[in-house]
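Spelled out, the chains give:
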Amino acid sequence: MAETHVLFVEDDDVIREATQLALERDGFTVTAMPDGLSGLDAFRADRPDIALLDVMVPGLDGVSLCRRIRDESTVPVIMLSARADSIDVVLGLEAGADDYVTKPFDGAVLVARIRAVLRRFGHASGGQPGGELEPRPVGGVLVFGDLEVDTEGMEVHRGGEQVALTPTEMRLLLEFSAAPGTVLSRDKLLERVWDYGWGGDTRVVDVHVQRLRTKIGQDRIETVRGFGYKLRP
């Protein structure tokens, strides 16, 4: 069974080489590139299973690279940022990244985050691709106004037109669809959608909700201040 292929774009030689070795020890195949332009070429040539992109790389920065990748693919993307409070975190998520990890990072934490993302995208934990992860059962085609959610075919239509969602956005919508009108807290969404068994940054949820709103309608998901979000039935 083929190993999961990771594209890693990082301009710091020491971090790039050490992280590549650590990931390879955990069973991943790694293509490591020092700048955004070579990273884009490698992505197009190799079509990796997941991309790890440092925000501050030369040539084509990580956020711009993420946008280019997202224009062509729904492959999972994790951004690497030097500061947890940096605007780069939000910019990366808005560009289409599925998660982020703050530098300096512990190798075990990085691997855990990669595995969590891969599980959401239909890969088993570790370096080996696995079977499809079963969605939460919500039953058939659900209709919310002009929005139709096919929970078996994993398709969404709005006003009769198909809506293109990333797997993370689809899982987020499935959680809302499973309990329309019920408020879901950010922590609960982090646990269910991002597979966080620990506290996470709720900005990940907020940005993904905003991205989802732009695709299914701004008023379809309501913010309940101090509690979380709910899908309007």
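Residues numbered from 1 in each chain as written. Predicted model: local features only at pLDDT ≥ 70, side-chain atom pairs only at ≥ 80, totals over all residues. Heavy atoms only, no water.

### Looking at the environment of Ser-177
Mapped onto the fold, Ser-177 is located in helix α6 (residues 167-178). Note: C-alpha distance between Ser-177 and Arg-232 (55 residues apart in sequence) is 9.3 Å. (Helix = DSSP H or I, 4+ residues; strand = E, 2+ residues; numbered from the N terminus.)

### Overview of the sheet that holds strand β5 (residues 99-102)
Read across the open sheet, the five strands follow the order β2-β1-β3-β4-β5; overall the sheet is parallel. Because the sheet does not close on itself, it has two edges, and the strands there are β2 (29-33) and β5. When strand polarity is set aside, the average angle formed by the axes of neighbouring strands in this sheet is 20°. The pairing of strand β3 (residues 50-54) with strand β4 (residues 77-81) spans four bridges and is parallel. Residue pairing across strands places Ala-51 opposite Val-77, the latter belonging to β4. (Pairing = 2+ DSSP bridges. Axes fitted to C-alpha atoms, helices over the stretch in contact; angles between N-to-C directions.)

### Observations concerning the packing of α6 against helix α7 (residues 186-193)
One way to put it is that α6 packs onto α7 with a least axis distance of 10 Å and a crossing angle of 125°. Overall, the two elements α6 and α7 adopt an arrangement that is oblique. Judged by the sense of rotation from one axis to the other, the crossing of α6 with α7 is right-handed. Where α6 abuts α7, its residues Thr-168, Arg-171, Leu-172, Glu-175 and Phe-176 lie against Leu-189, Arg-192 and Val-193. (Parallel < 35°, antiparallel > 145°, perpendicular 65-115°, else oblique. Left-handed = near helix turned anticlockwise from the far one by under 90°. Contact = heavy atoms within 4.5 Å.)

### So, unusual backbone geometry
Along the chain, Lys-103 connects to Pro-104 via a cis peptide bond; the corresponding omega equals -5°. Structurally, the position occupied by Pro-104 is in the loop between β5 and α5 (107-120). Even without glycine at this site, Arg-47 takes up a positive phi of about 50°. Mapped onto the elements, Arg-47 comes out in the loop between α2 (36-46) and β3. Of note in this structure, Met-154 is not a glycine but carries a positive phi near 55°. Position of Met-154 among the secondary structure elements: in the loop between β7 (147-150) and β8 (155-158).

### Some remarks on α5
Its 14 residues place the ends of α5 20 Å apart at the C-alpha level, agreeing with the 20 Å of an ideal helix rising 1.5 Å per residue. Looking at the packing, one finds that the buried side of α5 touches α1 (13-25), β3, β4, β5, α6 and α7. For α5, the N-terminal capping position is held by Asp-106, with its side-chain oxygen 2.8 Å away from the main-chain nitrogen of Ala-108. (Expected span 1.5 Å × (residues − 1). Polar contact = N/O pair within 3.5 Å; in protein donor to acceptor, adjacent residues only side chain to side chain.)

### Some details on the pattern of salt bridges
Enumeration according to the criterion identifies 19 salt bridges in this entry. Measuring nitrogen to oxygen at the nearest pair gives 3.7 Å for the salt bridge that ties Arg-158 to Asp-146. One end of the pair, Arg-158, is in strand β8; the other, Asp-146, is in the loop between β6 (141-144) and β7, with 12 residues separating them in the sequence. Overlapping salt bridges, with partners in common, bring together Glu-10, Asp-54 and Lys-103 in one network. (Salt bridge = Lys/Arg side-chain N within 4 Å of Asp/Glu carboxyl O.)

### What to know about helix α3 (residues 62-72)
Burial in α3 covers these residues: Gly-62, Val-63, Leu-65, Cys-66, Ile-69 and Arg-70. Down the axis of α3, the sector holding all buried residues measures 155°, keeping them to one side. Where α3 is buried, its residues contact β1 (5-9), α2, β3, β4 and α4 (87-94). The opening residue of α3 is Asp-61, an N-cap whose side-chain oxygen sits 3.0 Å from the backbone nitrogen of Val-63. (Buried < 20%, exposed > 50% of the residue type's maximum accessible area, 1.4 Å probe, protein only. Arc of directions from axis to C-beta.)

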